[in-house]
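Survey of secondary and tertiary structure
Spelled out, the chains give:
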Amino acid sequence: MRDLLRHREFRLLLAAQTLSMLGEWTLLLVLGIWAKTLTGSSAVAGLVVFAMAAPGVLAPLAGVLVDRLPRRTVLVGVDSAGAAAVSCLWLVRGPEQLWLLFAVAAWCGAAGVVTNAAVSGLVQAVLPADLLGAANGALGTVRQGLRLVGPLAGAGLFAAAGGRWVATATAVALLLAVVVLLRLRLRELPGERTACAEPVAVRWRREVLAGLVHLWRTRALRRVVRCTLVLSASVGLVEATVYALVEDGLHRPPEFVGVLVSVQGAGAVAGGVGAGLLAARVGEERLVAAGAALVAAGIGAAAVGPLPVVLAGFLLVGAGLTVLAVAAATSLQRRTPNAVMGRVAAGYETVVSVPGTASIAVGALLVGVLPFQVVLLVSAAGCALAAVLVAVGADRDPAPPAREPALAAPRVGNP
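Source: prediction; values computed, not measured.

Looking only at helices and strands, the protein has 15 helices and zero strands in total. Across the 415 residues of the protein, 52% fall into the buried class. Of the contacts formed within the protein by residues at least 6 apart in sequence, a portion of 86% connects residues at least 24 apart.

See below:
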């Protein structure tokens, strides 16, 4: 960690992301609460959450944007526009302005997709390969820590002063992030657009799909994607089953779900720290497999155990998910040219998020006809299978050689 923090550009990037994520996490829960307060409808509040998730389908397009423009410029633009967007929430007076909540929620979702792709490319550009794991671990730890603190702070401020002041706090955090980003010293150039005789539609399709093609053609990344795809589909079953676990298994009120989420968040913070320390020593694929195994063990414990065992299980789930995310991000960065890093990161996000969303609906159907223990055990088995899928053959591909950061080099043309 000391070696990591010696890099001035990463320190500034980490500070900017901390401010940006703090603003976003403070606002996200409040948007749903605000919609519920205005309309009295839980369905409308749920649609606000859907509006945040929907832009994820556009991730490949976001990857093209990130790879065509200087990534610091992209982050500055996204945070500046975000500050302006959330400031519009001061216009919300009643249900007539509900559309503004949906518009801001959709913007937050789209901004998150673009930001994730841009940050992945910047981290790869400013750091040598042997520090990528520690960097992703630090970012993951901050993200999970703010995920615990931000929503609680936002809900408290909403109750005390109203949603408009939460929007103001978010706008201030985003503008401070812009100030920090402007201090980055980068000579990063946009990717060159080479002359091409292909029709525009063909060229755009090739550029949009470049990230997915790279994931498929790189054997080590293909194993990581295969693992996380199966794990995402399996973990989605838990999302739909947790309320049945709380009410039928633990005999607690639905609000107790918040306790489980907090415990999972604490495990995620610990997982971020551990993954950052272990990534360079263990290897990314083995760490991905270990993360999936931790998730499988945690879900299995939640399926069969009393309250202390369930709490321990959710702690393991949080740690495992973060370990896997950090290891996967590091593997992508170590095996991807910087010129396509945005599209690869965005393509990976699309591939692993779509089955997770679909499995939530499947889990909702299963829990209506099967005991929740069965659904959770099926989920645990799927996560164990995911661990095996990446562990088999993990040593076939040697890790790519360490490289120097690409901070001072212009980006090469788009492939």
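This is not the end of the story, as more comes after the structure.
What follows deals with helix α8 (residues 163–181). Its 19 residues give α8 an end-to-end C-alpha distance of 27 Å, which sits within 8% of 27 Å, the value for a rise of 1.5 Å per residue. Among the structural elements, α2 (8–39), α5 (71–87) and α7 (132–161) are those in contact with the buried residues of α8.

Let us look at the environment of E285. Here E285 lies in helix α12 (residues 284–304). Owing to a relative accessible area of 4%, E285 belongs among the buried residues under this scheme. For the pair E285 and V224, spaced 61 residues apart in sequence, the C-alpha separation works out to 6.9 Å. At a separation of 2.8 Å, a polar atom in the side chain of E285 contacts the side chain of R223.

We now examine the confidence of the model for the protein. With 88% of its residues at a pLDDT of 70 or more, the protein shows a mean pLDDT of 83. The secondary structure element of the protein with the lowest average pLDDT is helix α3 (residues 42–53), at 73, and the one with the highest is α8, at 94. Long-range and interchain partners of residues 407–415, a stretch whose pLDDT sits below 50, account for 35 contacts in this model, where long-range means more than four residues apart.

Let us look at the pattern of salt bridges. In total, this model carries six salt bridges according to the counting rule given. Across the salt bridge formed by R71 and D67, the nearest N and O atoms sit 2.6 Å from each other. A relative accessible area of 0% places R71 in the buried class. D67 gets classed as buried once you look at its relative accessible area, which sits at 0%. Connected through shared salt-bridge partners, D67, R71 and R343 make up one network.

Next up on the list: the packing of aromatic side chains. Under the counting rule described, the total for this entry stands at two aromatic pairs. For the ring pair W90 and W165, a centre distance of 5.2 Å and an interplane angle of 80 degrees mean the geometry is edge-to-face. Of this pair, W90 sits in the loop between α5 and α6 (98–126) while W165 sits in helix α8, and the two are 75 residues apart along the sequence. Taking the relative accessible area as the measure of exposure, W165 reaches 46% and is therefore partly exposed. When the ring centre of W216 is taken as origin, the NZ or CZ atom of R222, which lies over that ring, is 5.1 Å away.

This structure, assessed with the given rule, holds zero disulfides. You can see C227 has no disulfide; the closest cysteine sulfur is in C383, sitting 8.9 Å from it.

Core analysis: the largest hydrophobic core is formed by 50 residues, its most contacted members being L231, L245, L260, V288, I299, F314 and Y348. Sorting the residues of this core by element identifies α10 (219–249), α11 (257–282), α12, α13 (307–334), α14 (341–369) and α15 (372–391) as the ones contributing at least two each. Among the elements that make up this core, the one with the highest residue count is α10 (eleven residues). Setting aside residues up to four positions removed in sequence, I299 forms contacts with V235, V238, V317, L376, S379, A380 and C383. Counting 36 residues, the second largest nonpolar core, distinct from the first, contains L4, A16, V114 and A134.

Let us now look at the environment of A346. Within the secondary structure, A346 sits in helix α14. The exposure class of A346 is buried, given its relative accessible area of 1%. Not counting chain neighbours up to four residues away, the residues in contact with A346 comprise A59, P60 and G63.

When you line up the elements, Q124 lands in helix α6. We classify Q124 as buried; its relative accessible area is 3%. Engagement of the side chain of Q124 in a polar contact is seen with the backbone oxygen of Q333, the distance being 2.7 Å.

The next subject is unusual backbone geometry. Backbone geometry at H251 places phi at a positive 55 degrees, although glycine is not the residue there. Along the chain, H251 falls in the loop between α10 and α11. On the accessibility criterion, H251 (64% relative accessible area) is exposed.

Mapping L101 onto the fold places it in helix α6. Note: C-alpha distance between L101 and A45 (56 residues apart in sequence) is 10.0 Å. The contact partners of L101, leaving out residues within four places of it in the chain, are L31, W34, A35, L38, L89 and V92.

Definitions and cut-offs
- Residue positions are counted from 1 within each chain, in the order its sequence is given.
- Confidence filtering applies because this is a predicted model: local features only for residues at pLDDT of at least 70, side-chain atom pairs given and counted only at 80 or more, and all residues used for totals across whole chains, interfaces and linings.
- For the side-chain quantities, the full set of heavy atoms in the structure was used; hydrogens and water were omitted.
- The numbering of helices and of strands both runs from the N terminus, where a helix is a DSSP run of H or I of at least 4 residues and a strand a run of E of at least 2.
- Categorising residues by exposure relies on relative accessible area from a 1.4 Å probe, with only protein chains included: less than 20% of the type maximum marks a residue as buried, more than 50% marks it as exposed, and the intermediate range marks it as partly exposed.
- Note on contacts: a residue pair is in contact if any heavy atoms of the two residues lie within 4.5 Å.
- Helices are assigned an expected span. That span is 1.5 Å times one less than the residue count.
- Here a polar contact is taken to be a pair of N or O atoms separated by no more than 3.5 Å, where protein atoms must pair a possible hydrogen donor with a possible acceptor and residues adjacent in sequence count only if both atoms sit in side chains.
- Per residue, pLDDT captures the predictor's confidence, and it can take any value from 0 to 100.
- Salt bridges, as used here, are contacts in which a Lys or Arg side-chain nitrogen is within 4 Å of a carboxyl oxygen on Asp or Glu.
- Any Phe, Tyr or Trp ring, taking Trp's six-membered ring, that has another such ring centre within 6.5 Å forms a pair; planes under 30 degrees apart are called stacked, those over 60 apart edge-to-face, and the others tilted.
- A ring has a charge above it when a Lys NZ or an Arg CZ is no more than 6 Å from the ring centre and no more than 35 degrees off the ring normal.
- Criterion for a disulfide: a pair of cysteine sulfur atoms within 2.5 Å.
- As used in this record, nonpolar core signifies buried Ala, Val, Leu, Ile, Met, Phe, Trp, Tyr and Cys residues forming a set joined through side-chain atoms within 4.5 Å.

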